[in-house]
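The primary structure of each chain is shown beneath.
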Amino acid sequence: VSTGMTFNDLYLPSEELCMAEIFRDAGYHTAYLGKWHLDGHGRHNNVDPDRRQGFEYWKGAECSHDYNHMLYYVNDLPEKKFWKGYSPFALSRDAIRYVDNHAGDKEPFLLFISIATPHFPHNSAPEAYKERYPAQEIQLPPNVPAEMAAEVLPELQGYYAHCTATDRAIGELVAHMDSLGMLENTILVFTSDHGEMMGGHGRKPFRKQLVWDESLHIPFLIRLPGTGKHRGASVNAPLTTPDILPSLLGLCHIEIPESIEGEDISELIREPDPESDRAVLVMHVTPFGINRDDPAFRALRTSRYTYAVSPEGPFLLTDHREDPFEEENLLDDPAYATLRADLHHQLMEKLKTVGDEELFPREYYIQKWGYTLDRDNINYWSFEEGKGRVQGPGMKRR
């Protein structure tokens, strides 16, 4: 399950303790390939070494959605380069070169590969992969209004094509690591940051950061060494983004620093139980851009239910087992009153841990952090660059 975010194109302050710094201090080589999107100093600029949060080997750039002509920089060199061809394939080839160079090292390595696909724009996927998904043969989910079919189908065709091509790119890397015998001592993780609405609940194909599963229910696949008995096992209990780092540290037997948020669920990963459950917090407190008319939300997600509130009060309760497309809002159903009260209590307890139990409106955070939205509330900018806040795309500072 993906957590919400605040705005795009913001700077993650270098003083924050992050993943690669922890692994580096534990004796790992650290490497990053691909899209960064945490620097906030211009999408086409290189990321300064002291802002790479502990990643030493670097072939990346802040942000690009031109998947067939994607820019990158090599370490500290100033020259702008471009991946050859479709970027997921190029990134996979470069990752293969990296593992070839480090397969014989005595020290372990942390390699983070940030492939930008699948992501809007969808029509830029390779034609050979789009041909596998003729738009007229795609069946839309029942929560997509019929009148949106003409808009959604070509987007889904490209989205599925990006997914399949990306799967091939990752598969080639994994197969190569297997040929080197590296899978016996390597943890592999595949996940994403968000899904896309693709017409679900009447929302545009490329919308995200919303409370429904099309946006927030994303894959998390992990392969551990020596876990053949659990091959293909599923865990229905959700995890959320902050849980990933402490869980990986637990799997690698690295001490978890006190400042790290999230829960270590490494034992559940080692011994997957499909009947286990937990409740995780997902939230988006400052809707902006095309989502500006949707409520800011805080939500609780369990294996079966989503319960969501806005600053105005509760607004959603769905049962994924009985209603996987979330077509029925059970919030006012008397049969769910006790469950709703329990989920609300759990949600408020979790919000206390992040200091958000007052359910502040989005304007509170915009003012607190010194942002200014444009007149249409589509983009934003900040005038506190000295505090690490940098202007959003196409905007001017006040």
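One structure accompanies this document, and this report is about it.

Cut-offs applied
- Residues numbered from 1 in each chain as written.
- Predicted model: local features only at pLDDT ≥ 70, side-chain atom pairs only at ≥ 80, totals over all residues.
- Heavy atoms only, no water.
- Phe/Tyr/Trp six-rings, centres within 6.5 Å; stacked < 30°, edge-to-face > 60°.
- Helix = DSSP H or I, 4+ residues; strand = E, 2+ residues; numbered from the N terminus.
- Buried < 20%, exposed > 50% of the residue type's maximum accessible area, 1.4 Å probe, protein only.
- Lys NZ or Arg CZ within 6 Å of the ring centre and 35° of its normal.
- Contact = heavy atoms within 4.5 Å.
- Pairing = 2+ DSSP bridges.
- Axes fitted to C-alpha atoms, helices over the stretch in contact; angles between N-to-C directions.
- Core = buried A, V, L, I, M, F, W, Y, C linked by side-chain atoms within 4.5 Å.

What follows deals with the packing of aromatic side chains. Across all of its chains, the model carries 19 aromatic pairs by this definition. An angle of 65 degrees between the planes, with centres 5.0 Å apart, marks the rings of Y32 and F55 as edge-to-face. On the criterion of sequence distance, the pair formed by Y32 in strand β1 (residues 29-35) and F55 in the loop between β1 and β2 (57-61) is long-range, its members being 23 residues apart. We note that Y32, like F55, is buried. Members of the aromatic cluster, each reached through a chain of ring pairs, are Y32, W36, F55, W58 and F112. Above the face of the F89 ring, R168 is positioned so that its terminal group lies 4.5 Å from the ring centre.

Another aspect to go through is the environment of M19. Here M19 shows up in helix α1 (residues 19-25). Sequence-wise, M19 and F190 are 171 residues apart; in three dimensions their C-alpha atoms are separated by 16 Å. Other than its neighbours up to four places away in sequence, M19 contacts L110, F112, L245 and L248.

Let us look at the sheet that holds strand β10 (residues 305-310). If you trace the four strands from one edge of the open sheet to the other, you get β8-β9-β10-β11, paired in antiparallel fashion. Pairing within the sheet leaves two strands with one partner each, and these edge strands are β8 (280-284) and β11 (313-319). Each neighbouring strand pair of the sheet contributes to a mean axis angle of 20 degrees, computed without reference to strand direction. Relative to β11, β10 runs antiparallel, the two being bridged by six bridges. Looking at β11, one finds that V309 is bridged to P314.

Once that is clear, we can look at the nonpolar core. Among the nonpolar cores identified, the biggest contains 28 residues, and W83, F89, V99, F109, L111 and M177 are the most heavily contacted of them. Of all the elements in the fold, those that place two or more residues in this core are β1, β3 (71-74), α2 (87-102), β5 (109-114) and α4 (149-179). Looking at this core, the element that brings in the most residues is α2, giving seven residues. Sequence-distant contacts of F109, that is, excluding residues within four places in its chain, are made with Y28, H29, Y98, V99, H102 and M182. One finds W58, Y73, I254 and I265 within the second-largest nonpolar core, a separate group that totals 26 residues.

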